[in-house]
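Observations on the three-dimensional arrangement
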Amino acid sequence: RMTYHVNPTNQEACRNRLMSGGSNSNSKNKKPFTEEDPAWALLAHQNNFDMQLYSYIEALFEEQDAFVEGIPDEFRKIDGTCCKCDPPTFPPEGFTCPQAVKNQ
């Protein structure tokens, strides 16, 4: 389980942006198609092994749902630290905030 250690609110917002749209999805210029479209059959034939792998990954994803069942949605923020918050928060065992990289 991953928790945030720099700026929990900002990191969660960034994660949500990546998970909902990706970093380079370019979905505005593409029309989604369905399994009924002729292009689907052509792509499925050409990418037969990819389709089998994708089916396996979908099944695996469903199985892995059991591993996170019962974990609260905001668990990444539980006991999280925030170096940029005022005042900064740190875990009891101590934590060194990352230093900003300065251009020279």
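The paragraphs below set out a description of the structure included in this document. Model, not experiment: these values are computed from the prediction.

1. Thoughts on the overall build of the protein chain
On a plain count of helices and strands, the protein chain comes out with 3 helices and 0 strands. Scanning the protein chain from its N terminus toward the C terminus, one meets helices and strands in the order α-α-α. Taken across its 104 residues, the protein chain has 12% of its residues classed as buried. Long-range pairs, those at least 24 residues apart, make up 56% of the contacts in the protein chain with a sequence separation of at least 6.

2. A closer look at a negative patch on the surface
On the surface, E58, E62, D65 and E69 cluster together into a patch of negative charge. The class of E58 is partly exposed, set by a relative accessible area of 41%.

3. A closer look at a nonpolar patch on the surface
On the surface, a cluster of nonpolar side chains totalling about 310 Å² of accessible area is made up of L53, Y56 and I57. Relative to the elements of secondary structure, L53 occurs in helix α3 (residues 48-68). Here L53 falls in the partly exposed class, since its relative accessible area comes to 47%.

4. A few points about the environment of P8
By secondary structure assignment, the location of P8 is in helix α1 (residues 8-21). Those residues in contact with P8, other than ones at most four positions away along the chain, are K77, G80, T81 and C82.

About the cut-offs
- Residues take numbers from 1 onward in each chain, read along the sequence in its written order.
- With the structure being a predicted model, the display of local features is reserved for residues of pLDDT at least 70 and the display and counting of side-chain atom pairs for 80 or more, all residues being used for whole-chain, interface and lining totals.
- Remark: hydrogens and water are excluded; side-chain values derive from all non-hydrogen atoms of the structure.
- By definition, any uninterrupted DSSP run of H or I lasting at least four residues is a helix, any uninterrupted run of E lasting at least two residues is a strand, and each is numbered from the N terminus.
- Classification of residues uses two cut-offs on accessible area relative to the type maximum, computed with a 1.4 Å probe and protein chains only: under 20% is buried, over 50% is exposed, and between them is partly exposed.
- Any two residues having at least one pair of non-hydrogen atoms within 4.5 Å are treated as being in contact.
- Patches in this entry comprise residues that are over 30% relatively accessible and not in a salt bridge; like charges within 9 Å are linked, as are nonpolar side chains (Val, Leu, Ile, Met, Phe, Trp, Tyr) within 5 Å.
- Note on areas: these come from Shrake-Rupley sampling with a 1.4 Å probe, and a residue is covered only by the protein chains present in the view.
- Here, a salt bridge means any side-chain nitrogen of Lys or Arg that lies within 4 Å of a carboxyl oxygen of Asp or Glu.
- Lys and Arg are tallied as positive, Asp and Glu as negative. Neither His nor the chain termini are counted.
- Working definition for charges: the position is that of NZ of Lys, CZ of Arg, CG of Asp or CD of Glu.

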